[in-house]
Amino acid sequence: MSDNPGAITGNGYSQEQLMALLNSTVDAIISIDDQHCMTLFNSGAEALFGFRSDETIGQPLDMLIPDRFRATHADHIHSFAASAKTARLMGERREIFGKRRSGEEFSAEASISKMNFDGTSRFVVVLRDITQRKAIEFALRESENRLKLAVEAGRIGLFEHQHETGDWYFSPIFREIWGLAAAEPATMATALALVPPEDRDALLASYREAYELGGSGRFTSEHRILRREAELRWVAVNALTLFDGEGAERRAIRTIGAVRDTTERRQREQDLETRIREHTEALRQEIKQRETAQAALVQAQRMDALGQLTGGIAHDSNNLLTVIAGNLEMIEDELPVGHAAGKYLREAQEAARMGASLNQRLLTFSRRRKLEPRVINLNDGVLAMAELLRRAMGETVTLTTVLKPDVWPTLVDPGEIENAVLNLAINARDAMPAGGEVRVETSNVTLSSDVAAGQFQLKDCDYVKLTVSDTGTGMPPDVVARAFEPFFTTKGPAKGTGLGLSTIYGFVKQSGGHVTIDSEVGKGTTVTVLLPRAIGQDGRRSGLADGLATAQAQGEIVLVVEDNAQVRRLTVERLRRLGYHPLEAESGPSALAILDLGNRIDLIFSDVVMPGGLSGYDLATLVRQRLPSQRMLLTSGYTFDNDGQDQKRHPDLRILRKPYSLADLAKTLREVLDA
Ligand code: ADP
Ligand code: MG
């Protein structure tokens, strides 16, 4: 441009007009000479930089450039000047930094052109402030970045569905979650192919429902994906559809969806659920166990009460029977051989024996029977009985024995166990009038201490198990509940005594075991007997010595201690007969008084149960304090009066069980005196 304002240029515009033209644009237009000094500065440039035109003309361009960019800018213009291109280069825009009068820097888009005016080259720089655009771009980039990071952090897979074209887009995370390779095309079909077939139709239907006419535009689902690695994952999908138009005209344009992998969350939920379920189950079990234990306790208490009653009756009637049998024996002694009353006598004696045997069974039930336990192998016992059992079962009932080898030894009265097996087998046979099968089985069991203590009131955990099961009629619950009671029978007067199971109950309990009935009407019955494992005991023989002839006395003095006058009289009479010199005391204290007189007493023969608080055992304790070597013999209708505690206190004390024969008395007295 010429320095001569007002001159008319070739296109008919005066220089002022041209300047006005340049000033009419908002862009900044600056021209520089080859020394980089400004020769033109339009009003756009004034507005942009804050300098007046007259402050800049003739000044170096550098004043408009931040210091740190000065060198680069100069280089740029130099290389531009050196380049072959002399044409205008509008359109080749660059971003540069400018400096306002205030010193503030700003971004500008610049295009530079090189021109030749009258042989001198000029550069024309057109600048546009892009600070705002840059700010918007920056904000946009920031927000895009933030979104991208959030999607990344949240492991959110994205998809987009263009309804018009049917095109789909799957983001990389979507593909990862869904298990799709990058090469697989993004289509509805590829996505659906990995949904288990049984879920596919419902999923598609609910997706469509969301964007079809009247749909909410919102789709949510949590479903399974069967990934190619045959791995089942859970995904949660949330999608939003954008529409165009209103009402019946509404069309779905695009649906954007977000997908998350919820497998782990579901797994955790499931684990929690499982734990809760297990816990609830354990609780239920515990409650059930407690209820069972409670019921068992009530039952045990009932049986104890019954035992007490039965035992009491048996004890008293034993005393009566002792008197009856003893007197009958003496009558027999005095009755001449061949006397007509002999047959009545024998019948009376037979009845007394039966009475005594009934008493024995009742005492067994009340756990007061004197047992003669030995360490035995249950299998041997059952095997020895097999033939007898088979015959007892009859034609139509088959007997099967399943005996586990190596059953533990157990300490029981072999006679009682034989009796128990026989009774159980006969009960089974009776329950199968049309025939069936009886199984006798043995095995070892170890109970958990909870079950042992709770359900069975047992101390130990190791037991030998004997079960006798049948395929018979079974029992209704009310019969099961009462089956162990003495005299409980459903078999009718002449047929059942109701003493089978009760005797077994008493014997097993007294042996430290337990017995239970499992039965259901029509399904048969299983009776289970648990007998404690014997540890560290050898085959201990009972103290019953056989084959001793009636031993006569040599005039020894025997003090009889017995509260029941009748029994005492009989005993005294019998002792006399055997050749002893009897003394009498009707209680423990009076026996001690006699003892304290200091006369020789060879043997004290005392009842165990006496009123007045001093039992035979207590008496023994007091006697031993005075005379440690005093010989004593006890007699009782019971065997144990307080669970064998007393017997433990005096293990050496012999007991003569009531009712006893004269021969028993003679033999036992001799044994004690000669020991
Ligand atoms: P009894 O056999 O003399 O009746 P138990 O004490 O042996 O006396 O049995 C009592 C009752 O228990 C029987 O009368 C019967 O009702 C029932 N019972 C016992 N064992 C069985 C069984 N194996 N099947 C069905 N009921 C039985
Ligand atoms: Mg029976």
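Residues numbered from 1 in each chain as written. Chains lettered and ligands numbered in written order. Predicted model: local features only at pLDDT ≥ 70, side-chain atom pairs only at ≥ 80, totals over all residues. Heavy atoms only, no water.

### Thoughts on the pairing of strand S15 (residues 462-470)
Thinking step 1. The buried fraction of S15 amounts to seven of the nine residues, a majority that puts the element mostly inside the structure.
Thinking step 2. Bridge count for strand S14 (residues 436-446) against S15 is nine bridges, and the pairing is antiparallel. Note that in S15 the partner of Val440 across the bridge is Val468. (Buried < 20%, exposed > 50% of the residue type's maximum accessible area, 1.4 Å probe, protein only. Helix = DSSP H or I, 4+ residues; strand = E, 2+ residues; numbered from the N terminus. Pairing = 2+ DSSP bridges.)

### Comments concerning the packing of helix H16 (residues 565-578) against helix H20 (residues 662-674)
Thinking step 1. Taken N-terminus to C-terminus, the directions of H16 and H20 make an angle of 65 degrees; their axes are 11 Å apart at the nearest point. Classified by the interaxial angle, the pair formed by H16 and H20 is roughly perpendicular. Crossing handedness for the pair H16 and H20: right-handed. Within the contact between the two elements, H16 uses Arg574, Leu575 and Leu578 and H20 uses Leu662, Leu665, Ala666 and Leu669.
Thinking step 2. Split into classes, the residues belonging to the contact of H16 with H20 amount to six nonpolar, no polar and one charged. (Axes fitted to C-alpha atoms, helices over the stretch in contact; angles between N-to-C directions. Parallel < 35°, antiparallel > 145°, perpendicular 65-115°, else oblique. Left-handed = near helix turned anticlockwise from the far one by under 90°. Contact = heavy atoms within 4.5 Å. Nonpolar A, V, L, I, M, F, W, Y, C, P; charged D, E, K, R; others polar.)

### Overview of the pattern of salt bridges
Thinking step 1. In this structure the tally under the stated criterion is 50 salt bridges.
Thinking step 2. The partner of Glu55 in a salt bridge is Arg52, with the nearest N and O atoms 4.0 Å apart.
Thinking step 3. Judged by its relative accessible area of 47%, Arg52 is partly exposed.
Thinking step 4. Among the charged side chains, a network of salt bridges with common partners joins Arg52, Asp54, Glu55 and Arg101. (Salt bridge = Lys/Arg side-chain N within 4 Å of Asp/Glu carboxyl O.)

### Looking at the layout of surface pockets
Thinking step 1. In this structure, the second largest pocket spans a volume of roughly 650 Å³.
Thinking step 2. For the lining of the second largest pocket, the secondary-structure elements that each account for two or more residues are helix H12 (414-430), S15, helix H15 (500-510) and strand S17 (524-532).
Thinking step 3. Of the residues forming the lining of the second largest pocket, the biggest block, six residues, is contributed by H12.
Thinking step 4. Across the lining of the second largest pocket, the residue classes tally to 14 nonpolar, 11 polar and five charged. (1 Å grid on protein atoms, 1.4 Å probe; cavity = no way out; pocket = protein on both sides within 12 Å on 5 of 7 lines; lining within 4 Å. Points joined across faces, edges and corners; volume = space filled by probe spheres on them.)

### Notes on the environment of Phe219
Thinking step 1. Within the secondary structure layout, Phe219 lies in strand S8 (residues 218-226).
Thinking step 2. C-alpha separation for the pair Phe219 and Arg208, spaced 11 residues apart in sequence, amounts to 8.8 Å.
Thinking step 3. Not counting residues up to four positions away in its chain, the partners in contact with Phe219 are Leu203, Ser206, Tyr207, Ala210, Val237, Asn238 and Ala239.

### Overview of the pairing of strand S21 (residues 632-636)
Thinking step 1. The buried fraction of S21 is high, at five of five residues.
Thinking step 2. Every second residue of S21 is oriented toward a common face, with Met632, Leu634 and Ser636 on one face and Leu633 and Thr635 on the other, all of them buried.
Thinking step 3. This β-α-β element, strand S20 (residues 603-607) to helix H18 (residues 616-626) to S21, shows right-handed connectivity.
Thinking step 4. The sheet contact formed by S21 and strand S22 (residues 654-657) spans four bridges and is parallel. (Right-handed = clockwise from strand over helix to strand, strands pointing away.)

### Some remarks on the site of ligand 1
Thinking step 1. Around ligand 1 lies a shell of 18 residues, among which Asn427, Asp470, Thr489, Thr490 and Lys491 are the nearest.
Thinking step 2. Thr489 places a side-chain nitrogen or oxygen 2.6 Å from an oxygen atom of ligand 1.
Thinking step 3. Within the side chain of Thr490, a nitrogen or oxygen atom sits 2.5 Å from an oxygen atom of ligand 1.
Thinking step 4. When isolated, ligand 1 has an accessible area of 530 Å², and the protein chains bury 93% of it.
Thinking step 5. When atoms are counted within 2 Å of each cavity's grid points, the one that captures over half of ligand 1 is the second largest pocket.
Thinking step 6. Only H12 and H15 provide two or more residues apiece to the shell around ligand 1.
Thinking step 7. When the residues that make up the shell around ligand 1 are grouped by side-chain class, the tally is seven nonpolar, nine polar and two charged. (Near = heavy atom within 4 Å. Polar contact = N/O pair within 3.5 Å; in protein donor to acceptor, adjacent residues only side chain to side chain. Areas by Shrake-Rupley, 256 points an atom, 1.4 Å probe, with all protein chains shown as cover. Sits in = over half its atoms within 2 Å of the grid points.)

### Thoughts on the domain arrangement of the protein
Thinking step 1. Along its sequence, the protein is organised into domain 1 (15-129), domain 2 (139-261), domain 3 (267-308), domain 4 (374-532) and domain 5 (548-674).
Thinking step 2. For domain 1 and domain 4, the distance between their C-alpha centres works out to 117 Å. (Domains from an automatic or database assignment.)

### Quick look at the packing of aromatic side chains
Thinking step 1. For the structure shown, the criterion picks out 14 aromatic pairs.
Thinking step 2. Seen from their ring centres, Phe174 and Trp178 are 4.8 Å apart, and the 15 degrees between their planes marks the pair as stacked. Remark: Trp178 and Phe174 occur in helix H6 (residues 172-178); sequence separation between them is four residues, near one turn of the helix.
Thinking step 3. Ring plane angle 40 degrees and centroid distance 5.2 Å describe the contact between Phe484 and Tyr505, whose orientation is recorded as tilted. (Phe/Tyr/Trp six-rings, centres within 6.5 Å; stacked < 30°, edge-to-face > 60°.)

### Some thoughts on the environment of Asp261
Thinking step 1. With respect to the helices and strands, the residue Asp261 is situated in strand S10 (residues 251-261).
Thinking step 2. Here Asp261 falls in the partly exposed class, since its relative accessible area comes to 30%.
Thinking step 3. In this structure, the C-alpha to C-alpha distance between Asp261 and Ile156, residues 105 residues apart in sequence, is 8.2 Å.
Thinking step 4. Sequence-distant contacts of Asp261, defined by excluding residues within four places in its chain, comprise Ile177, Arg233, Trp234 and Val235.
Thinking step 5. A distance of 3.0 Å separates a polar atom in the side chain of Asp261 from a polar atom in the side chain of Arg233.
Thinking step 6. At 2.6 Å, the side chain of Asp261 and the side chain of Thr263 are in polar contact.

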